[in-house]
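What the coordinates show
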Amino acid sequence: MLPILVGESIKELDQEFILSKGILSLDLMEQAANAFTNWFYGVFEDKEVQIYIFCGPGNNGGDGLAIARLLSENGYSINVFYLKNEKDCSNDFQANFERLPKNISATNFEKWDKKIEDGGIIIDAIFGVGLSRVLEGPISDLICELNSSLATRIAIDLPSGLPSDSVTTGQVFHSDHTVTFQFPKLSLLFPEHIQFTGDLHIIDIGIEDGFLQDFSKKAFYIRKQDISSRHRFFHRFSHKGDFGRVLFIGGAPGKLGALFLSSYAALRTGSGLVSCAPEFEDSIGIQVPYNEIMLYQVKSNTDLAEMDAIGIGSGWGNTIDPDYFLSIMIRFNKPMVIDADAINLLASNPFLLQKVPKNSILTPHVKEFERLVGKVANHAERIEKAISFAIKYEVILILKGAHTLIALPDGRQLFNSSGNQYMATAGSGDVLTGMITSFLGQGYTPENAAICGVFHHGLAGELASESKRRGMVASDIIEKIPTTFVELKIS
Ligand SMILES: NC(=O)C1=CN([C@@H]2O[C@H](COP(=O)(O)OP(=O)(O)OC[C@H]3O[C@@H](n4cnc5c(N)ncnc54)[C@H](OP(=O)(O)O)[C@@H]3O)[C@@H](O)[C@H]2O)[C@@H](O)CC1
Ligand SMILES: Nc1ncnc2c1ncn2[C@@H]1O[C@H](COP(=O)(O)OP(=O)(O)O)[C@@H](O)[C@H]1O
Ligand SMILES: [K+]
């Protein structure tokens, strides 16, 4: 998985990498500028448009100057604006300033006539990871002016004004695209920063993943290539018992659909035998809309240990007796998947939290999470609370949303890359519960079940939205689960 570096380690990385390779920081800047322009050529082919590059005094500005040169050599029309005179800028800024071709006009930003031609592109190379304080004065005014323009806006490494791993209260560049180097900066994954980040592109500037590993052992970004090694593989003689027997408990009157969505998602994820136990006094007469799903009744003497995994909470309602939940946890006594109303039950009966089987997987959305841990001010605090919760209760806490966070009991934090906004539709969380429970029942470790469930769920959502967009519903995600195995070449 791709390490996410925070704080001082970002600066150390740069230094150690150039030392180990025996190259200059200027060479690494050139690699970064080449990686950026290669991305740019793929997205913006029209060389007639005017490109306005705003360069700060540090190495982010240096990147901007190197990019200006490369784009100009490739036939694009470039206008450069700098914030400080050359002699007050970083060494690599100065070196790239000297290298600017004569045909590029470079002007102090205070002399800018504030004109942007129709269809123009603004590239923000003002500040990157070296931001040291909130923006103010003329720089803040400049960003405000740029944000009001109709141009396409692109940020290099980070939108200027955004700290790399915390929230900000100041002015920030609003990007349509953020092209960040090597790994996502943590703050780019915060929901409250979406208007600053725009579409996130992580580009490789030549620092190997192995090299990054030494700088972060805690936070990681889950990508497509991280998934297949976490899967179990089945052979020709595998039988349905090998694929696991799973049970879903939930579905109070009026909320049966949630239970069926979880159950059917588990079948599509590969479970051998799927049962569901709706929360009805007499559930035997209930029509299950899928022939493959069995009805089950949880009685006081039912041997739940015969199940390989249990997913509990989808549409369970708010009238469940906490002692009933406790008896299920005690009788099953293995990691289980706890979602929705089961999470609400834990939140209102904290004594139950101590009884949750170790390594269970909790999947709250933001509101359910706040019921568990109290109000939070921002996503940075939410992440901290998720980490502490997972460590304290020795569970896997999956905080759902864009870039879903998987907080592990050993303190590691994994951020998901798959999925999109069209997944914000009723029942899509129930589908996730079904998928994770299915992998758990197929014999995956809780960590691998969580990672595979979250990644495949997001990928299924992406595939379903290709033709459905905002009309996508949770059942469409389920129908695309099998295709995710094809896409990832999982048998
Ligand atoms: N890491 C990598 O792998 C690679 C990194 N590279 C690039 O380097 C970038 C980091 O460069 P960097 O360290 O020079 O910092 P940068 O963001 O340019 O800003 C520092 C300057 O801004 C100033 N300043 C700060 N805040 C301010 C404020 N609020 N208001 C006003 N001024 C403020 C600060 O001044 P000071 O705080 O000292 O007063 C200093 O002059 C990184 O994001 C990436 O683009 C690539 O080239 C190669 C690979
Ligand atoms: N913008 C988004 N990007 C990626 N995934 C998203 C986005 N919005 C929602 N999702 C995913 O959709 C699911 C929604 O779950 P949840 O809120 O529990 O829905 P419900 O309660 O309706 O089942 C989560 O897995 C979440 O990660
Ligand atoms: K920037």
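Residues numbered from 1 in each chain as written. Chains lettered and ligands numbered in written order. Predicted model: local features only at pLDDT ≥ 70, side-chain atom pairs only at ≥ 80, totals over all residues.

A few points about the domain arrangement of the protein
Just so we agree on the cut-off: Just so you know, the domain bounds were taken from an automatic or database domain assignment. Each residue is represented by a C-beta atom placed from its backbone, and any two residues with such atoms within 7 Å are regarded as in contact. Here the term charged refers only to Asp, Glu, Lys and Arg, the term nonpolar to Ala, Val, Leu, Ile, Met, Phe, Trp, Tyr, Cys and Pro, and the term polar to all other amino acids, Gly among them.
Assigned domains within the protein: domain 1 (2-213) and domain 2 (228-487). Each of domain 1 and domain 2 was reduced to a C-alpha centroid, and the two centroids are 40 Å apart. Listed per partner, the contact involves 7 residues of domain 1 and 7 residues of domain 2. For the side of domain 1 that touches domain 2, the class distribution of residues is 5 nonpolar, 1 polar and 1 charged.

Description of the site of ligand 2
Selection criterion: We call a residue near a molecule or strand when its C-beta atom, built from the backbone, sits within 6 Å of it. Starting at the N terminus, helices and strands are each numbered in turn, a helix being any DSSP run of H or I of at least four residues and a strand any DSSP run of E of at least two.
Taken together, 18 residues surround ligand 2, and among them His 365, Ala 402, Gly 419, Ala 424 and Gly 429 come closest. Of all the secondary structure elements, the ones that give two or more residues to the shell around ligand 2 are α13 (428-441) and α14 (446-468). For the shell around ligand 2, the leading source of residues is α13, giving 4 residues. Broken down by class, the residue content of the shell around ligand 2 amounts to 5 nonpolar, 11 polar and 2 charged.

What about the confidence of the model for the protein?
The cut-off we apply is this: Scored from 0 to 100, pLDDT records how confident the predictor is in each individual residue.
Summary statistics for the protein give a mean pLDDT of 96 and a share of 100% for residues scoring 70 or more. Two summary scores accompany this predicted model of the complex, namely pTM at 0.96 and ipTM at 0.95.

So, the UniProt feature "domain: YjeF N-terminal" (unreviewed entry) in the protein
Heads up, the condition is: UniProt positions are given in the numbering used here, feature names are shortened, and annotations may be inferred rather than shown by experiment.
Within this numbering scheme, the UniProt entry marks residues 10-213 as carrying the feature "domain: YjeF N-terminal" (unreviewed entry). Strand forms 18% of residues 10-213 and helix 36%; the C-alpha atoms that close the span are 12 Å apart.

Quick notes on the sheet that holds strand β13 (residues 309-312)
Our working definition: The rule for pairing is simple: two strands pair if DSSP sees at least two bridges between them. The convention used is that axes are lines fitted to C-alpha atoms, helices contributing only their stretch in contact, and that angles between N-to-C directions extend from 0 to 180 degrees.
Taken in spatial order, the 11 strands make up an open sheet running β1-β9-β18-β17-β16-β15-β14-β13-β10-β11-β12, and their pairing is mixed. Two strands lie at the open edges of the sheet, namely β1 (2-3) and β12 (293-295), each paired on one side alone. Judged from the 2 bridges that link them, strand β15 (residues 361-362) and strand β16 (residues 396-399) form a sheet pairing that is parallel. Within β16, the position partnered with Leu 362 by the bridge is Leu 397. Here α14 sits on the sheet and contacts β9 (219-222), β15, β16, β17 (405-407) and β18 (413-416); the angle it forms with β16, its principal contact strand, is near 15°.

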